[in-house]
Amino acid sequence: MAGGGVMVSQGKPGKKYPGGMTLAVFMACLIAAFGGLIFGYDIGISGGVTSMAPFLQKFFPDVYKKEKGIQSTNQYCKFDSHKLTMFTSSLYLAALVASFFASTVTRVFGRRSSMFVGGLVFLAGSIVNAASKNVIMLIIGRVLLGVGVGFANQSVPLYLSEMAPYKYRGALNIGFQLMITFGILAANLVNYFTAKIEGGWGWRVSLGGAAVPALMIGLGSFFVPDTPNSILERNKPEKAKEMLKKIRGTDNINDEFDDIRAAGEASRLVKHPWANIWKRKYRPQLVFAVLFPFFQQLTGMNVVMFYAPVLFKTLGFGDDASLLSSVITGTVNSLATFVSIALVDKVGRKALLLEGGLQMGIFQVFIGSIIWKKFGVDGVASIDSTSAKLVVIGICLFVVAFAWSWGPLGWLVPSEIFPLEIRSAAQSINVAVNMLFTFFIAEIFLKMLCTFKFGLFFFFAFWVFFATAFITIFLPETKGIPIEEMSKVWRSHWYWKKFVIDGNDEGIDMEKKPQEAC
């Protein structure tokens, strides 16, 4: 990565830039973080709507018959339907494809433009879904929503990491995840009340409600400045310098601007970032761009958020109880995210990831054990009040662990480790892998629940423990490191340094100024 920063005696980045948190930065990051609302609202709304009897009766009558016991089935399999899972998962396939187009828009036109496109297309999807007459319209609406999510998820984390002062980058970036949790909670509350609407059309309100977060990020994009990094990437140095002075609240920005400018010049020399990202010197970033979202999805969290009402109904909770339980999990998800905001720039990224991973794994085993005891293999049983409460408690303790660890840090760490010359391409890979495995989990979860039964929770527990071990060994700490100084983190790591140092002859030597490298 570009930048001529100094090194402290331990060989870690040591440059400290002047300027702190300003109102301009805080407001820009707050508005940009609204991009998380559209993702969160969709995650929360899907499971609630697919548990509403009128919705199932209209679009998925076979599932409705199973759920009402008109057809005999066991508790594990009563929601197993390819059409139902396709309704949920089609969004994430669309987001996967859209993220690659979003990379070009984000790089060429700026982060703001990508946010605007995301909000606009998500708005169109919400309108189509609310007006749906058949499953085809539902799927088309979901695809449009997915395009919006792909653009927002590609641009917002990058925007937050670039806009934030390095000392507060973790907290401000986690604003994206916080808004995701607010979106989930809002969706759960909307579902809880719309399910009570007489006439059976409450699901239209739930799906159409996605227009609200879409308008917030779409209109909000007009009121935020573009990042200095993005402005420089488009070869407007004077405008970028003025913007940096404004957001840092000081004229003493020469060191930071020089590093950003060096990165911008290096970025313009890289004509094909998609080709460059495969070079040896970018191997650490590429590995984490792929594995972070992979591990994040295999924690099982999105299963809980997608299908919480369905899951609770599967376990024998009534209609109101299942939706109310989802509201409870959504609430603890939001509250626990504040823990991450408070601690991420103090205790660091690794400490939160390791503690959260262990806690998630333990409570996946705990939940699976209770379900095993109550439903066994055949899935025919009812759950008593005490066991039901234990399941909710276990899920809540699993959710809070995710909310202060793998949830926010799954977006923060990848967005802060990429050098500018490959940043948009690398973030697209990060989003695409995230959406691919979100699609995969959403598509097969109900089938996996029917096949694996209680073992599904042990399956996710295994991956959580494996991810925790991997992070322990291979992830360097990125707390308090200026984003344009991040390359030195890899140079000082016992394993990754051989790729970064040995790979420096491939292309530009990022330790030199670009003109020197040429």
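Residues numbered from 1 in each chain as written. Predicted model: local features only at pLDDT ≥ 70, side-chain atom pairs only at ≥ 80, totals over all residues. Heavy atoms only, no water.

- Going by the annotation in an unreviewed UniProt entry, the name recorded for the protein is Major facilitator superfamily (MFS) profile domain-containing protein, with Stephania japonica given as the source organism.
- Under the heading Sequence similarities (unreviewed entry), UniProt records this for the protein: "Belongs to the major facilitator superfamily. Sugar transporter (TC 2.A.1.1) family." (UniProt positions renumbered as here; feature names shortened; annotations may be inferred.)

1. As for the overall build of the protein
Right, so step 1: The helix and strand inventory of the protein stands at 25 helices and zero strands.
Right, so step 2: Expressed as a percentage of the 518 residues in the protein, the buried residues total 63%.
Right, so step 3: In the protein, the proportion of contacts linking residues at least 24 apart, taken out of those at least 6 apart, comes to 82%.
Right, so step 4: Counting only carbon and sulfur atoms, one obtains 67% of the accessible surface of the protein, whose full area is about 18200 Å². (Helix = DSSP H or I, 4+ residues; strand = E, 2+ residues; numbered from the N terminus. Buried < 20%, exposed > 50% of the residue type's maximum accessible area, 1.4 Å probe, protein only. Contact = heavy atoms within 4.5 Å. Areas by Shrake-Rupley, 256 points an atom, 1.4 Å probe, with all protein chains shown as cover.)

2. Brief notes about the nonpolar core
Right, so step 1: Formed by 65 residues in total, the largest nonpolar core has its most connected members in F39, F55, F60, Y159, L207 and M435.
Right, so step 2: Non-local contacts of L207, meaning those with residues more than four positions away in its chain, are made with I45, V49, F55, F87, S126, N129, A130 and L138.
Right, so step 3: Residues A426, V433, L475 and M486 belong to the second largest nonpolar core, which totals 59 residues. (Core = buried A, V, L, I, M, F, W, Y, C linked by side-chain atoms within 4.5 Å.)

3. Focus: the pattern of salt bridges
Right, so step 1: Per the counting criterion, the structure on display carries 13 salt bridges.
Right, so step 2: Note that R261 and D258 form a salt bridge whose closest N and O atoms lie 3.0 Å from each other. Here the residue R261 and the residue D258 both occupy positions in helix 13 (residues 254–269), the gap between them amounting to three residues, near one helical turn.
Right, so step 3: The partner of R349 in a salt bridge is E416, with the nearest N and O atoms 2.9 Å apart. (Salt bridge = Lys/Arg side-chain N within 4 Å of Asp/Glu carboxyl O.)

4. Observations concerning the side chain of R142
Right, so step 1: Tracing the backbone shows R142 in helix 7 (residues 135–163).
Right, so step 2: In contact with R142, other than residues within four places in its own chain, are D42, S46, F87, T88, S90, L91, Y92 and N129.

5. Considering the environment of R349
Right, so step 1: Within the secondary structure layout, R349 lies in helix 18 (residues 349–375).
Right, so step 2: Sequence-wise, R349 and L475 are 126 residues apart; in three dimensions their C-alpha atoms are separated by 9.3 Å.
Right, so step 3: Those residues in contact with R349 that lie beyond four places of it in its chain are R169, G170, V344, L409, L412, V413, E416, E477, T478 and K479.

6. Here we look at the environment of I260
Right, so step 1: For I260, the position within the fold is in helix 13.
Right, so step 2: A relative accessible area of 3% places I260 in the buried class.
Right, so step 3: Separated by 28 residues in sequence, I260 and L232 have C-alpha atoms that sit 7.7 Å apart.
Right, so step 4: In contact with I260, other than residues within four places in its own chain, are P228, N229, L232, L244 and E484.

7. Some details on helix 20 (residues 406–417)
Right, so step 1: For helix 20, spanning twelve residues, the distance from its first C-alpha to its last is 16 Å, which sits close to the expected 16 Å at 1.5 Å a residue.
Right, so step 2: With twelve of twelve residues buried, helix 20 lies mostly within the body of the structure. (Expected span 1.5 Å × (residues − 1).)

8. Focus on the packing of aromatic side chains
Right, so step 1: In the structure shown here, the tally under the stated rule is 35 aromatic pairs.
Right, so step 2: Relative to F193, the ring of Y192 has its centre 5.3 Å away and its plane inclined at 80 degrees; by these criteria the two rings are edge-to-face.
Right, so step 3: Assessed through its relative accessible area of 53%, F193 is described here as exposed.
Right, so step 4: Geometry around F59 places K58 over its ring, the cationic atom sitting 5.6 Å from the centre.
Right, so step 5: Positioned over the ring face of Y192 is K196, at 4.7 Å from the centre of the ring. (Phe/Tyr/Trp six-rings, centres within 6.5 Å; stacked < 30°, edge-to-face > 60°. Lys NZ or Arg CZ within 6 Å of the ring centre and 35° of its normal.)

9. Quick look at the packing of helix 2 (residues 35–49) against helix 7
Right, so step 1: Close contact between helix 2 and helix 7 brings their axes to 8 Å; oriented N to C, the two are set at 140 degrees. As the angle between them shows, helix 2 and helix 7 are arranged oblique. In terms of crossing hand, the pair formed by helix 2 and helix 7 is left-handed. In this structure, helix 2 contributes G35, I38, F39, D42 and S46 to the contact, and helix 7 contributes R142, L145, G148, V149, A152, N153 and V156.
Right, so step 2: Its residues assigned to classes, the contact of helix 2 with helix 7 comprises six nonpolar, four polar and two charged. (Axes fitted to C-alpha atoms, helices over the stretch in contact; angles between N-to-C directions. Parallel < 35°, antiparallel > 145°, perpendicular 65-115°, else oblique. Left-handed = near helix turned anticlockwise from the far one by under 90°. Nonpolar A, V, L, I, M, F, W, Y, C, P; charged D, E, K, R; others polar.)

10. Digging into the packing of helix 19 (residues 385–403) against helix 20
Right, so step 1: Two elements in contact, helix 19 and helix 20, have axes whose closest approach is 5 Å; the angle formed by their N-to-C orientations is 20 degrees. In this view, helix 19 runs roughly parallel relative to helix 20, as classed from their interaxial angle. Along its contact with helix 19, which presents A401, F402 and A403, the element helix 20 presents W406, G407 and P408.
Right, so step 2: Tallied by class, residues from the contact of helix 19 with helix 20 come to five nonpolar, one polar and no charged.

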